[in-house]
Each structure stands twice: as structure tokens, then as C-alpha cells.
Amino acid sequence: QVQLVESGGGLVQAGGSLRLSCAASGLTFSNYAMGWFRQAPGKEREFVAAISGSGGYIYYRNSKKDRFTISRENGKNTVYLQMNSLKPEDTAVYYCAADRESSWIPRSVVSYDYWGQGTQVTVSS
């Protein structure tokens, strides 16, 4: 029914860039806030970025955006994560998630209703 499919991961050298995509189906995309999370082996799943359904509200791990940029194209049912100046510590499985926005907590794993299977990002030194 509802499906979120991530793509764009892979192996990249430190300092390089990747753009992750998440294509959604089975839902009214513009009604859902979208988030990106990541999880490294032995670590907790952590928040990366989120964007409201309209695109008007954006959240990052810190109050100020650093190396990552989240965006969405509602006409394509797709959310993106542009990652620049990648570091080995960015290595993780990256997941996209969808939230109905009825009680959205942007940085909270438990807020989201649907999750993708994840895409591996590996940054070599």
C-alpha cells in the first residue's frame, strides 16, 4: 500500500557529495511531512533533517544548516537529501520517513508513520 523507496546511496570518498532520493507511493504526498534519519552499526537511529508537507518548515539536527539540505518536489512525490563535504562519520544506513502531521514532532523517530527500507552510504577516508 504505502511505499517509500530510497535511492542514491553508495560509496564516496571523503569530501564528496551525494544526493539521496525517496519516492513515495500509496499516500497523498503533500499531506505528509517527510524526514531523513540515519543509523550506523551499534548506534541509535538519529535525526538528520525534516520538511513539512508544504515545504514551508524545515528542520536540521542543529538550529543552523551545515552540510546537508532537504527539499521536496510534491509533483514527483519525492523528497531529497543533498549531502556535501561528506565525512567518514556520515557512514550509515539512511532512511526516509513520512508523518501525517496530525501531531508531528520533526526530530522524533516515534512520530513518523511510515518508513523506507534504507539506503547505505559509505564514506571512505
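Right above here is the structure, for reference.
Residues numbered from 1 in each chain as written. Predicted model: local features only at pLDDT ≥ 70, side-chain atom pairs only at ≥ 80, totals over all residues. Heavy atoms only, no water.

Colleague: Quick question: what am I supposed to make of the sheet that holds strand β1 (residues 3-7) here?
Modeller: Each strand in a sheet pairs with its neighbour through backbone hydrogen bonds, running either in the same direction (parallel) or in the opposite one (antiparallel). Judged by pairing direction, the sheet is antiparallel, and its four strands sit side by side in the order β1-β3-β8-β7 without closing on themselves. Looking at which strands have only one partner, the edges of the open sheet turn out to be β1 and β7 (68-73). For this sheet the average axis-to-axis angle between neighbouring strands, irrespective of direction, equals 15°. Bridge count for strand β3 (residues 18-25) against strand β8 (residues 78-83) is six bridges, and the pairing is antiparallel. In the strand pairing of β8, S21 is matched with Y80. (Pairing = 2+ DSSP bridges. Helix = DSSP H or I, 4+ residues; strand = E, 2+ residues; numbered from the N terminus. Axes fitted to C-alpha atoms, helices over the stretch in contact; angles between N-to-C directions.)

Colleague: How do you make sense of unusual backbone geometry when you look at a structure like this?
Modeller: Outside of glycine, negative phi angles account for most residues, and trans bonds account for most peptide bonds. Phi angles above zero are rare outside glycine, and S85 is one such case at about 50°. Topologically, S85 is positioned in the loop between β8 and β9 (92-99). Look at S85 and you get partly exposed, because its relative accessible area is 41%. At E101, a residue that is not glycine, the phi angle is positive and equals roughly 75°. (Buried < 20%, exposed > 50% of the residue type's maximum accessible area, 1.4 Å probe, protein only.)

Colleague: Just to check I follow, could you spell out the pattern of salt bridges for this structure?
Modeller: Charged atoms that come close allow side chains of opposite charge to pair. Going through the model one piece at a time under the given rule, you end up with six salt bridges. Its salt-bridge partner being R67, residue D90 comes within 2.8 Å of it at the nearest N-O pair. You can see D90 sitting in the loop between β8 and β9 and its partner R67 sitting in the loop between β6 (58-60) and β7, a full 23 residues away along the chain. The burial state of D90 is the same as that of R67; both residues are buried. (Salt bridge = Lys/Arg side-chain N within 4 Å of Asp/Glu carboxyl O.)

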